[in-house]
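Descriptive structure summary
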Amino acid sequence: MRWYLDMDPGIDDAVALAVALNRGDVAGITTVAGNVDGEKTFRNAGRLLKVFGRPEVPVVPGARRPLFLAVPTYAEHVHGPSGLEGYPLAEEGLQAASDLPAWQWMAECLRNEDQPVDWVATGPLTNVARFLGAYDDDRYRARVRTITVMGGSLCGGNVTDTAEFNFYADPDAADFVLGSGWPVRMVGLDVTMRPGLPISDLTKLGEMGTVGAVLAGLMGYYAEAIVRLGEASDQIYLHDVVAVAATAHPEKFTWKQVPLQIVREGELRGTVVEVLHGERRPLVDVAVDVDSQWFLRWVWESLGAYQVKR
Ligand code: BDR
Ligand code: CA
């Protein structure tokens, strides 16, 4: 499969990238402000590509601010001040693959694709919304098979009781994308938290050379951050990796089709609301379950490939 990634690396984004590079042809990456600011997420993508042995993958930075909100929301308390805390990654002096902003570059890339591609978004949806707002015509629709989004939740949140981080950070973008009528699939927190990765399993990364050491450091930091935040647990959740898996293997997920809206302001900001059929919102494919045993096996197989290749 050939896919583009829009991300805000971020520790689970890092694992998602490692898996995606092994499971398909990553044609390009756009970055967005999210877990940390936009300059850092862009640089982090470059640092990761170097570690994963794929520095040639093009990266273009995108939005540094949400669509309309004046103040960005970051998650440094989870991913650390750099966004990739837990292993001292070198600065790589990454050059943007294009001077265009991410959403314009995506349009250019799609014009050059001869087959439909998949797009996986694992950060706030600002870049995706800007793209859909500017390029909503048949020429582009024909080249996008799916847009799979890690974000939202049908039940429970991680920023507030009801809102998930990516949708909370840019609720206007999330509402626009989910109401766009493009082939959007939502993989929300209620599903990404079904397969928990036991922290004790991280020792397996010790057998995987440099990539394993980097991922062990990052995920170790992530696990400690979660404990520090009072959510003591013996497992971690690989949210963004679940969206990658849902793109590659939708048959391992249970889906339902529902029209959705995202609350854009106030106490419930970022909350996903199912609207009544007939309210003229398009149906969105929403994941409601995943084969967790399969997912964990698939992730370990993907990461195991680094041991063989590098
Ligand atoms: C999402 O928020 C971010 O902190 C993670 O990278 C993931 O994309 C989970 O709510
Ligand atoms: Ca993310």
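Please read all numbers here as calculations on a predicted model, not as lab measurements.

1. Quick look at the overall build of the chain
A tally of regular secondary structure across the chain gives twelve helices and eleven strands. Against the 2.2 N^0.38 benchmark of 19 Å for 310 residues, the chain shows a C-alpha radius of gyration of 18 Å, consistent with a compact globule. When its C-alpha atoms are laid out on the principal axes, the chain stretches across 55 × 40 × 40 Å. Relative to its 310 residues, the chain shows a buried fraction of 56%. In the form shown here, the chain has an accessible surface area of approximately 12400 Å², with 49% of it arising from carbon and sulfur atoms.

2. A look at the coordination of the calcium ion (ligand 2)
The protein atoms that coordinate the calcium ion (ligand 2) are Asp8 (OD), Asp13 (OD), Asp13 (OD), Thr122 (O) and Asp240 (OD), at distances of 2.2 to 2.6 Å. Positions of the donor residues of the calcium ion (ligand 2), expressed as sequence spacing, correspond to D-x4-D-x108-T-x117-D. Residue Asp13 is located in helix α1 (residues 11-23), and its partner Asp240 is located in helix α11 (residues 239-248); the two are separated by 227 residues in the primary sequence. Both residues of the pair, Asp13 and Asp240, count as buried.

3. A closer look at the environment of Pro282
The topology assignment puts Pro282 in the loop between β10 (272-274) and β11 (283-290). Taking C-alpha positions, Pro282 is 11 Å from Phe176, a pair spaced 106 residues apart along the chain. Setting aside anything within four residues of it in sequence, one finds Pro282 in contact with Leu178, Gly179, Ser180, Gly181, Val258, Pro259 and Leu260.

4. Things to note about the site of ligand 1
Residues in contact with ligand 1 amount to 13 residues; listed here are only the nearest, Asp12, Asn35, Asn158, Glu164 and Asp240. A distance of 3.0 Å separates an oxygen atom of ligand 1 from a polar atom in the side chain of His79. Taking Asp240, its side chain carries an N or O atom lying 2.6 Å from an oxygen atom of ligand 1. Taking 280 Å² as the accessible area of ligand 1 by itself, protein coverage stands at 96%. Put simply, the parts of the chain that give the shell around ligand 1 at least two residues each are α1, α7 (165-169) and α11. Looking at the shell around ligand 1 residue by residue, the classes come out as three nonpolar, six polar and four charged.

5. Focus: the sheet that holds strand β9 (residues 253-262)
Sheets are built from strands that pair by backbone hydrogen bonding, the pairs being arranged parallel or antiparallel. In space, the nine strands of this open sheet follow the order β3-β2-β1-β4-β5-β6-β11-β9-β10, with mixed pairing throughout. Taken across any chain shown, the strands that pair with only one partner, and hence form the sheet edges, are β3 (59-61) and β10. Strand-to-strand twist of the sheet, defined as the mean angle between neighbouring strand axes without regard to direction, takes the value 30°. Inspection of the sheet shows strand β2 (residues 25-31) paired to β3 by three bridges, in the parallel sense. Note on β3: the bridge partner recorded for Ile29 is Val59.

6. Considerations on the nonpolar core
In this structure, Phe52 and Met219 are the most contacted members of the largest nonpolar core, which totals 63 residues. By residue number, the principal contributor to this core is helix α10 (residues 209-228), which donates ten residues. Residues Trp103, Cys109, Phe131 and Ile262 belong to the second largest nonpolar core, which totals 39 residues.

Calculation rules
Residues numbered from 1 in each chain as written. Chains lettered and ligands numbered in written order. Predicted model: local features only at pLDDT ≥ 70, side-chain atom pairs only at ≥ 80, totals over all residues. Heavy atoms only, no water. Helix = DSSP H or I, 4+ residues; strand = E, 2+ residues; numbered from the N terminus. Rg over C-alpha atoms; globule rule 2.2 N^0.38 Å. Buried < 20%, exposed > 50% of the residue type's maximum accessible area, 1.4 Å probe, protein only. Areas by Shrake-Rupley, 256 points an atom, 1.4 Å probe, with all protein chains shown as cover. Donors = N, O, S within 2.8 Å, 3.2 Å for Na, K, Ca; no water. Contact = heavy atoms within 4.5 Å. Near = heavy atom within 4 Å. Polar contact = N/O pair within 3.5 Å; in protein donor to acceptor, adjacent residues only side chain to side chain. Nonpolar A, V, L, I, M, F, W, Y, C, P; charged D, E, K, R; others polar. Pairing = 2+ DSSP bridges. Axes fitted to C-alpha atoms, helices over the stretch in contact; angles between N-to-C directions. Core = buried A, V, L, I, M, F, W, Y, C linked by side-chain atoms within 4.5 Å.

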